[in-house]
Amino acid sequence: MHPIDTTPHLPANRRGHDLRLGLTGRRATMTRRRASVVMAVLAVVGGTVLTACDGPDTTAVAIEDVEFTTPLAIPPLAESRIASDGTRVFELTAQEGTTVFRDGVGTSTWGFNGSYLGPTLRAERGERVAVEVTNALDERTTVHWHGMHLPPEMDGGPHQVIEPGEMWRPTWLVDQPAATLWYHPHPHGETERHVYRGLAGLFLLEDPAVSPELPREYGVDDIPVVVQDKEFDDDGQLTLGTGRQEPGLMGSTIMVNGTIGAYQKVTTERVRLRVLNASTARTYNIGFDDDRVFALVGTDGGLLAGPHETTRVRLSPGERAELVVAVEPGETTTLNSDSPALGRVAAPAAYGGEDVVPILELRAAQSLAPSPELPEKLADVPRIPESEATVTRDFQVAVRMINGRRMDPERIDEVVTVGATEIWEVESIDPFTHNVHIHDVQFQVLDIDGEAPPPELAGWKDTVYLEPRRDYRLIMRFEDYTDPDSPYMYHCHLLRHEDEGLMGQFVVVGAGQEAASSVVTDGGGHGGH
Ligand code: C2O
Ligand code: CU
């Protein structure tokens, strides 16, 4: 085994840090080279020998200084047509392209209907939608509707493969609260690379029946903020690094909607920011550089019951936060991330735990149009009563496994009966960062180590950060769709972890029904194997 040199893509001023080996309590100071060797081991053994004592790269990434000189790109709203049966039909094409992020240098990227990221899809509760997804790449991919309640065949997980040149047309009825959802590829073992190259977009759901007065003019006072960290090589190309660092790439360049050093003009007294962490590994602690108070109004699966005034909200990969912030005429303030508190993570610097990350400058105009006052009540978010739960499942996350098993696309791990309310009790025993995302449902955090969730975790969630060695009890209802042959996924949304096997599969069956004994990947009727 030879050491993998991870230095070329690293900023020169990276510094060494103590590595705390969390589970053993031992302490050691590693040199960079030594850390690289450990990373190489992570890659070479493919995980069987991995123990929680294998440390992460312990050096913090130096976040690039930026000047906010480029207007924020706003992903266009996707066009759609209404088919004769009333279905709202969108078209997405995953394609290669070249994007100039800076310095006039072309970077090869992937995007939907363009060279980087994808358009924002928008639909209303009660509408039937269809998306015609064409794969114009040279390799297979899939497109998953993250946060959406829909049949497993339409979910776009690793089994709904779209071969190069093929088209896949999932269709479903939108029936869930208004929310900021998103879409991205989910090919088995390749999700990190596909998302990192640029395949991601927002999918906004509206509910005309529950429509509190919030800023809602897309791109004007309702702004999409897709946050990603990247690393460029000397040729201006995106790199995921040469080593296999834990927990995946922590990039030194931050972009929003594909814009580096972005500013957004604000022309209204209040602005709503729909923040999506579409990074592959980095967790942010979102707020403003002047620590101003903002209102958190929504999380992954919908609006909160009422605005929660705060100065920071932690967002791990895949999570969303909708916030409303007030500005004064003529001022500027910067959305940033400040040292995410990662819980009992060893060597938190390696996970961005010490990073201060400038994200997006807001520039308020000299005169601001009035905005509605924030309503006290936003939505009904009834707590799912614990007494309703009939099944409790335990999940222990360790290294790249859930309950000692890695993802096997042919194995069904859990069988759920439709209509059931269940409690999923999830604990990460690793001293590094993980989160958990469950397809098909929006869940509620029942408690964490027996304590009621904080306000930012009291609404609908589909992804939640797991502080190490804490017991997260999540409660959820499995409704409407059954299919013994076609699984949904649950997994860590740190994409390298997911790709390396930190994922499981569940099916939802009718009462008395059994799961198929194994799962066959198909291409939704197109291609596949
Ligand atoms: Cu956003 Cu299974 O993923
Ligand atoms: Cu993980």
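Residues numbered from 1 in each chain as written. Chains lettered and ligands numbered in written order. Predicted model: local features only at pLDDT ≥ 70, side-chain atom pairs only at ≥ 80, totals over all residues. Heavy atoms only, no water.

As a further point, take the nonpolar core. Grouped together as the largest cluster of nonpolar side chains are 31 residues, with contacts concentrated most on Val 225, Leu 273, Ile 286, Ile 359 and Leu 360. A total of six residues in this core trace back to one element, the largest contributor, which is strand S25 (residues 356–369). The contacts of Leu 360, once residues within four sequence positions are left out, are Phe 68, Leu 72, Val 225, Val 256, Ala 262, Tyr 263, Gln 264, Thr 333, Thr 334 and Leu 335. Grouped together as the second largest cluster of nonpolar side chains are 27 residues, Val 397, Ile 402, Val 426 and Ile 438 included. (Core = buried A, V, L, I, M, F, W, Y, C linked by side-chain atoms within 4.5 Å. Buried < 20%, exposed > 50% of the residue type's maximum accessible area, 1.4 Å probe, protein only. Helix = DSSP H or I, 4+ residues; strand = E, 2+ residues; numbered from the N terminus. Contact = heavy atoms within 4.5 Å.)

What follows deals with unusual backbone geometry. Positive phi, close to 55°, is recorded for Asp 291, a residue that is not glycine. If you trace the backbone, Asp 291 turns up in the loop between strand S19 (284–288) and strand S20 (294–299). At Asp 449, a residue that is not glycine, the phi angle is positive and equals roughly 50°. With respect to the helices and strands, Asp 449 occurs in the loop between strand S31 (444–448) and strand S32 (463–466).

Below, the discussion takes up the pattern of salt bridges. For side chains bearing opposite charge, pairing can occur when the charged atoms are close. Within this structure, the stated rule accounts for 40 salt bridges. The shortest N-O distance in the salt bridge between Asp 175 and Arg 125 comes to 3.0 Å. Residue Asp 175 is located in the loop between strand S11 (171–173) and strand S12 (179–184), and its partner Arg 125 is located in the loop between strand S7 (121–124) and strand S8 (128–135); the two are separated by 50 residues in the primary sequence. Looking at Asp 175, the relative accessible area reads 42%, which means it is partly exposed. Arg 125 sits in the partly exposed class, given a relative accessible area of 32%. (Salt bridge = Lys/Arg side-chain N within 4 Å of Asp/Glu carboxyl O.)

Take Gln 160: it is sitting in the loop between strand S9 (144–146) and strand S10 (167–168). Within the structure, the side chain of Gln 160 is placed 3.0 Å from the backbone nitrogen of Gly 156, a separation counted as a polar contact. (Polar contact = N/O pair within 3.5 Å; in protein donor to acceptor, adjacent residues only side chain to side chain.)

Once that is clear, we can look at the coordination of the copper ion (ligand 2). Only His 434 (ND1), Cys 492 (SG) and His 497 (ND1) from the protein coordinate the copper ion (ligand 2), and they sit 2.0 to 2.1 Å from it. When the donor residues of the copper ion (ligand 2) are listed from N- to C-terminus, their spacing reads H-x57-C-x4-H. In this pair, His 434 sits in strand S30 (residues 434–438) while Cys 492 sits in the loop between strand S34 (488–491) and helix H3 (495–499), placing the two residues 58 residues apart along the sequence. Here the two residues His 434 and Cys 492 agree in accessibility, since each one is buried. (Donors = N, O, S within 2.8 Å, 3.2 Å for Na, K, Ca; no water.)

As a note on interpretation, predicted positions should not be read in detail where pLDDT is low. Of the residues in the protein, 86% reach a pLDDT of 70 or more, and the chain-wide mean stands at 88. Contacts from residues 1–55, a stretch scored under 50 in pLDDT, to residues over four places away or in other chains number 97 contacts. (pLDDT = per-residue confidence, 0-100.)

In spatial order, the strands read S7-S13-S12-S9; together these four strands make up an open sheet with mixed pairing. In this open sheet, the two strands that pair with only one neighbour each are S7 and S9. Sheet twist, expressed as the mean angle between neighbouring strand axes with direction ignored, is 25°. Pairing between S12 and strand S13 (residues 201–206): five bridges, direction antiparallel. Across the sheet, residue Leu 181 finds its bridge partner in S13, namely Phe 203. (Pairing = 2+ DSSP bridges. Axes fitted to C-alpha atoms, helices over the stretch in contact; angles between N-to-C directions.)

Let's shift gears to the sheet that holds strand S21 (residues 302–310). Taken together, seven strands build an open sheet; the order of strands is S16-S15-S14-S18-S23-S20-S21 and the sheet is mixed. One side of each edge strand has no neighbouring strand; the edge strands of this open sheet are strand S16 (259–260) and S21. Both S20 and S21 contribute to a ladder of five bridges, which runs antiparallel. By the bridge assignment for S21, Gly 298 is matched with Leu 303.

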